[in-house]
There are 2 protein chains.
Amino acid sequence: MSKAIPEPVTRLIDALSALPGIGPKTASRLTYFLLRAPDKLSQNLSEALRDLKARTRLCSVCYNITVDDPCPICADERRDKRTIAVVEEPLDALALERTGVFQGVYHVLHGAISPVQGIGPDDLKIRELVQRAQGDVLEVIIATNPGMEGDATAMYIHRELQRKGLKLTRLARGLPTGGDLEYVDSVTLLRALQGRNLMG
Amino acid sequence: MSKAIPEPVTRLIDALSALPGIGPKTASRLTYFLLRAPDKLSQNLSEALRDLKARTRLCSVCYNITVDDPCPICADERRDKRTIAVVEEPLDALALERTGVFQGVYHVLHGAISPVQGIGPDDLKIRELVQRAQGDVLEVIIATNPGMEGDATAMYIHRELQRKGLKLTRLARGLPTGGDLEYVDSVTLLRALQGRNLMG
């Protein structure tokens, strides 16, 4: 069998299989697609991968991925430096940016506390957050994910920051817009019930 | 929004999105995974992509992807050069290799006739097959896919080769092993009925 696959092909299949959600079948389909596609496609991809780490770093203020340090958001004078949204991953900051209403700045933890995965507070940018959450900072919005690990991380951060005299908030929990009560899980429904708001 | 994503990141997201079956969401998840992963992962992938086209070519005999020309299968003295299996893609040859019983050689068409996609016989390695199917060649097994395009391609090849005095065969059609009559589509069932074999 191995005779039928040249080494450069198996090598790319193996490298692609190392990505999450890409099994050996998808990897080989992608590889043979690239073999048939114009050279430019694999070239672009190769160069983009080479530059990804070489040209990016973490912002020394918020630890988001950036080319320039500080990152464009931290360097933007119009952003409100007194409000910090704490997120697990860069993509979470992106999701908040997409709402178009958040005017504050971010703090990217690069993960969440997870005893199962052996990730403790020291593996995250929590110490950096504690150091940063002073001076002009008025509010820290803990925007970790609404799950066990995100909740544990939020609780830990809350404990670390509570003596600083800041406003500490967390994103609201409840029914997702467009959701259907019938299909919503009971934990979400419970949180929606507990967090119910007075109307009118 | 674009402020939150540095250019090297969007560039990789765009390059990954160009792959079949990978949408912008998967592409950005993969990109941020690579940002967090050890450098070696993106490096390996980058180099494998660079080498994929640079180090491979088509075998001048069977048109399979190969590093050396002729490919290891065509160069193997133990393979029976008198039997040629015609397949659409390199992955199809691989599937036949996996059965472990085919001792002949391959001919890779690099596609199938498809009027819808504007692919005609001249876009495939059919002329090369006609030229190759002579001399010692005794049998050509047409192993194109069991579908409309594969059938059209098989018929075209059959017409081109029928005056050569070769044995022309096609892979059997019928029920897939492990399948269930109840769930099998009626075309497959019809082919299984028409192709029924005498028992005992």
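Residues numbered from 1 in each chain as written. Chains lettered and ligands numbered in written order. Predicted model: local features only at pLDDT ≥ 70, side-chain atom pairs only at ≥ 80, totals over all residues. Heavy atoms only, no water.

**Quick look at the interface of chain B and chain A**
Move 1: Listed per partner, the contact involves 56 residues of chain B and 56 residues of chain A.
Move 2: At the boundary of chain B with chain A, total buried surface from both sides reaches about 5,200 Å², with 73% on carbon and sulfur atoms.
Move 3: In this assembly, chain B and chain A are joined by eight salt bridges.
Move 4: Between B:Arg36 and A:Glu89 there is a salt bridge; the shortest N-O distance is 3.4 Å.
Move 5: In this assembly, chain B and chain A are joined by 15 residue pairs in polar contact (both at pLDDT 80 or more).
Move 6: Counting only elements with at least two residues in the side of chain B that touches chain A, the list comes to α1 (7–17), α2 (24–36), α3 (39–54), β2 (65–66), α4 (72–75) and α5 (90–99) of chain B.
Move 7: With 13 residues, α3(B) is the largest single contributor of residues to the side of chain B that touches chain A. (Contact = heavy atoms within 4.5 Å. Buried area = accessible area lost by both parts, 1.4 Å probe. Salt bridge = Lys/Arg side-chain N within 4 Å of Asp/Glu carboxyl O. Polar contact = N/O pair within 3.5 Å; in protein donor to acceptor, adjacent residues only side chain to side chain. Helix = DSSP H or I, 4+ residues; strand = E, 2+ residues; numbered from the N terminus.)

**What to know about the domain arrangement of chain A**
Move 1: Here chain A is described as being made up of domain 1 (7–55) and domain 2 (77–198).
Move 2: For domain 1 of chain A versus domain 2 of chain A, the separation of C-alpha centres amounts to 35 Å. (Domains from an automatic or database assignment.)

**Concerning the relation of the copies chain B and chain A**
Move 1: Expressed as a screw operation, the relation of chain B to chain A combines 0.1 Å of axial shift with a rotation of 180°, fitting to an RMSD of 0.1 Å. Interpreted geometrically, this transformation is the action of a two-fold axis. The position closest to the rotation axis in chain B is occupied by the C-alpha of B:Ser46, lying 2.1 Å away. (Least-squares fit on C-alpha atoms with pLDDT ≥ 70 in both.)

**A short note on the packing of helix α3 (residues 39–54) of chain A against α3(B)**
Move 1: Relative to each other, α3(A) and α3(B) sit at 155°, their axes nearing to 8 Å. It follows that α3(A) is roughly antiparallel to α3(B) by the angle criterion. Considering only the axes of α3(A) and α3(B), their crossing is left-handed. Every residue of α3(B) that contacts α3(A) at A:Asp39, A:Ser42, A:Leu45, A:Ser46, A:Leu49, A:Arg50 and A:Lys53 is listed here: B:Asp39, B:Ser42, B:Leu45, B:Ser46, B:Leu49, B:Arg50 and B:Lys53. (Axes fitted to C-alpha atoms, helices over the stretch in contact; angles between N-to-C directions. Parallel < 35°, antiparallel > 145°, perpendicular 65-115°, else oblique. Left-handed = near helix turned anticlockwise from the far one by under 90°.)

**What to know about the sheet that holds strand β4 (residues 104–108) of chain B**
All names here are of chain B.
Move 1: With parallel pairing, the four strands of this open sheet are ordered in space as β4-β3-β5-β6. The sheet is open, and its two borders are formed by β4 and β6 (167–170), each paired with just one other strand. This sheet shows a mean twist of 25° between the axes of neighbouring strands, independent of strand direction.
Move 2: Each of β3 (80–87), β5 (139–142) and β6 touches helix α7 (residues 148–161); the most contacted strand, β6, lies at about 175° to it. (Pairing = 2+ DSSP bridges.)

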